[in-house]
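# Coordinates in review
As a plain string of letters, each chain reads:
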Amino acid sequence: MAHDVPALQAHDIGKVFEDGFAALTGIDLSIHEGEFVTLLGPSGCGKTTLLKTFAGFHVPTSGRLDLGGRDITTAPPERRDMAMCFQSYALFPHLSVGDNIDFGPRQNRVPREQRLARLEKLLQQVDLEAHRDKLPNKLSGGQQQRVALARALAMRPSVVLFDEPLSNLDAKLRDQVRREIRNLQKEIGFTAIYVTHDQAEALSMSDRVVVMRGGRIDQIGAPEEVYQNPLTAFVADFIGAANILPFERGANGSVRTPLGDLDVSGRPPEDATYLVWRPEDAEPCTEGTPGALSAEVTERAYQGAYTELHVRVGTSPEQRLHLPHAATPGDGRITFRLPPERLRFVTGEIV
Amino acid sequence: MTLRRSLTIVALLIPGLGLILAMIGSVFYVAVMQSFGFFNLTGEDAFSLEHWHDVFDSRAYWRALRYSAYVAVISAVGSVILAYPLAIWLRRPFRGAGLVSGMLKAPYFVPGLVAAFLFLNVVAYHGVLNQFLMWIGVTDAPIRFQNDRNAIGLLFLQIWKNLPLALILLTGAVQSISDDVLDAARDLGAGRFDRFRKVIAPLTVSAMQAALVIIFIGAAGDFAFQVTVGPTNVQSMAQYMVFLKDSFGRWNQAAVVGVSLMALALVGSLTLAAVSRFVLKGGRW
């Protein structure tokens, strides 16, 4: 992947709708060629509005958008070198699979031989050669999504935009199509911007994840970075499971929390508002181990790969622990420690 | 399917479909038979092709046939052409859309003869239009717009009256196309006209065919508009039929014209529907 050249750059993009609702505020984002970037956030966070602004279906009320160094802020969708995969697939119901895929190249007057060659290759790539002459309503949801992807790729666009493309598929099919999209993206090397509210999807597919909230970007980073080092309480809470605790600065590099005094690996930043740890950060230990916390198990849930425990340390709020089955205590209590390097400080408030 | 079940279905259909078929069938039967010399009001019934010969030999008949076909085609196509952009415009809700939609559909509720007389008041020799043109200095004397030879006034009325019907049918069809499908076409490089030609038109072709057929049949059989605002140098088929019956009591020849009018309605509307489907589907059936 050639991640050096910026394919798409958003400079301080804002979007205020006619009713006064500010859907996007101060969006700065640089997406590199061949990169797979996911816009992740809860419903109403502005991720689809941002994607549609990239596509040209919304014109930003402020800021600038560059594609390959060219200002496309006000360019209509048909003049942008992008293609979109819609949540509803948006296939043309009156056209066959082949004609759907061929729509864009034909529209853009690609020579017939090239169009046919492109069509053959794409049908092969998305494994739909046998369905070429069928109408979309004769295909399954997964096949329709593959047609939508092939239709977008037939344009040979600089950027492919995905608007929650898997949300209409069942869990198993979703996993399969997710891998197919990612493999195709790696194989062909197109730049992908993918919108989802599914954190698992975002973490498993992306080179970088853009976490959005209330029309703003909260954090941009690689999946591991966003998961391991959330910058805000919202990101920590939204991505994966997290135990988020208020804290006070204590003496000797420790902090005072509802779990008691905890040793941390560095001084909390001035603007830090919460202490965060992931359920899998807890390490079972024996009584008397330095930093050991003794907790009452209030709930136990088998999760397949691990067991989830809900525990209370004294009168603390309920905390979540993910432990291997073998490390799960038999009785109603557990002793665990939180390694200082696994405790992170975040800013902002919990939504 | 058992006999009992078949009989049940037939019994259930008789009150509705049966009545319609009986009414249409009896009228059609009488008209056809009368054109061949039966159901005579005076004289004896006997099979004869004489009435068809007589009518086919008349220049007035062929002029009326051509004229009715012309009025029907222009009315149907004109109404649909004007209704499409309006239907697309009204596809997305906007402030005042309901009022606009209501205003556009209002002509449908005005009886045809009333509309024709209102139109006469506007285009008459001393009508509103002439007075206005003289007042703004465009003309020095009134112009004869009324009963114009090319039936422009009549076509205007036909389209004005039928536009709401086409609009009702097309609005529903256009609104059933999802935003995503149109956005996808746009995203793939289709401009406004190509989105219409390649997506909207093929997806609404059935509604458009229904509009064309209904308007064509209505306009082909027009009598009220023709006798009020139509040209005086040519008769419509309906007018010619009534003329034959009233002027000379030639019921059998009037029946020939009536059967011809039904044939025109059937053949013309089917042809129009087929051609429009072929064109809007991009040269494919």
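Our subject is the structure listed above.
In this report, the structure presented in the accompanying data block is examined.

Rules and cut-offs
- Residues numbered from 1 in each chain as written.
- Chains lettered and ligands numbered in written order.
- Predicted model: local features only at pLDDT ≥ 70, side-chain atom pairs only at ≥ 80, totals over all residues.
- Heavy atoms only, no water.
- Axes fitted to C-alpha atoms, helices over the stretch in contact; angles between N-to-C directions.
- Helix = DSSP H or I, 4+ residues; strand = E, 2+ residues; numbered from the N terminus.
- Parallel < 35°, antiparallel > 145°, perpendicular 65-115°, else oblique.
- Left-handed = near helix turned anticlockwise from the far one by under 90°.
- Contact = heavy atoms within 4.5 Å.
- Nonpolar A, V, L, I, M, F, W, Y, C, P; charged D, E, K, R; others polar.
- Buried area = accessible area lost by both parts, 1.4 Å probe.
- Salt bridge = Lys/Arg side-chain N within 4 Å of Asp/Glu carboxyl O.
- Polar contact = N/O pair within 3.5 Å; in protein donor to acceptor, adjacent residues only side chain to side chain.
- Buried < 20%, exposed > 50% of the residue type's maximum accessible area, 1.4 Å probe, protein only.
- Pairing = 2+ DSSP bridges.
- Phe/Tyr/Trp six-rings, centres within 6.5 Å; stacked < 30°, edge-to-face > 60°.

## A short note on the packing of helix α10 (residues 205-220) of chain B against helix α13 (residues 251-280) of chain B
Geometrically, a packed helix pair is captured by the angle between its two axes and the distance between the axes. All names here are of chain B. One can describe the packing of α10 onto α13 by two numbers: an axis separation of 9 Å at closest approach and a directional angle of 155°. By the angle between their directions, the pair α10 and α13 is classed as roughly antiparallel. Where α10 crosses over α13, the handedness of that crossing is right-handed. Judged by residue contacts, V205, S206, M208, Q209, L212, V213, F216, I217 and A220 of α10 engage L261, L264, A265, G268, S269, L272, A273, A274, S276, R277 and L280 from α13. Tallied by class, the residues present in the contact of α10 with α13 amount to 14 nonpolar, 5 polar and 1 charged.

## Observations concerning the interface of chain B and chain A
With 18 residues of chain B at the interface, the matching set in chain A holds 23 residues. Summed over both sides, the interface of chain B with chain A buries roughly 1800 Å², with 59% coming from carbon and sulfur. Taken as a group, B:R186, B:D187 and B:L188 account for 39% of the area that chain B buries against chain A, more than any other trio of residues on that side. On inspection of chain B and its partner chain A, the count reaches 1 salt bridge. For A:E78, the salt bridge identified is with B:R186, shortest N-O distance 3.1 Å. Inspection of the chain B/chain A interface yields 7 residue pairs in polar contact (both at pLDDT 80 or more). Within the residue set of the side of chain B that touches chain A, elements represented by two or more residues are α8 (179-187) and α9 (192-203) of chain B. When residues of the side of chain B that touches chain A are assigned to their parent elements, the largest contribution, 7 residues, is made by α8(B). For the side of chain B that touches chain A, the class distribution of residues is 8 nonpolar, 2 polar and 8 charged.

## So, the pairing of strand β6 (residues 82-85) of chain A
Residues and elements named next belong to chain A. Every second residue of β6 is oriented toward a common face, with M82 and M84 on one face and A83 and C85 on the other, all of them buried. Bridging between β6 and strand β7 (residues 159-163) involves 4 bridges; their strand directions are parallel. Counted as the bridge partner of A83 is V160 from β7.

## As for the pattern of salt bridges
Residues and elements named next belong to chain A. Following the criterion strictly, the structure yields 21 salt bridges over all chains and no others. As a salt-bridge pair, D66 and R64 come within 2.7 Å of each other at their nearest N and O atoms. When its relative accessible area of 7% is taken as the criterion, D66 is described as buried. As a salt-bridge pair, E120 and R132 come within 2.4 Å of each other at their nearest N and O atoms. With a gap of 12 residues between them, E120 in helix α3 (residues 112-125) and R132 in the loop between α3 and α4 (141-153) connect regions that are remote in the sequence. According to the relative accessible area criterion, E120 is partly exposed, its value standing at 38%. Among the charged side chains, a salt-bridge network with shared partners connects D102, R106 and R115.

## So, unusual backbone geometry
One non-glycine residue, A:A90, adopts positive backbone phi at about 55°. On the accessibility criterion, A:A90 (4% relative accessible area) is buried.

## Topic: the packing of aromatic side chains
Residues and elements named next belong to chain B. Scanning the entire structure with this criterion turns up 23 aromatic pairs over all chains. Arranged with centres 5.6 Å apart and planes meeting at 85°, the rings of W52 and F56 form a pair that is edge-to-face. With W52 and F56 both in helix α2 (residues 50-56) and 4 residues apart, the pair spans about one turn of that helix. For W52, a relative accessible area of 16% gives the class buried. Taking the relative accessible area as the measure of exposure, F56 reaches 36% and is therefore partly exposed.

Worth remembering: the numbers are spatial, not functional.
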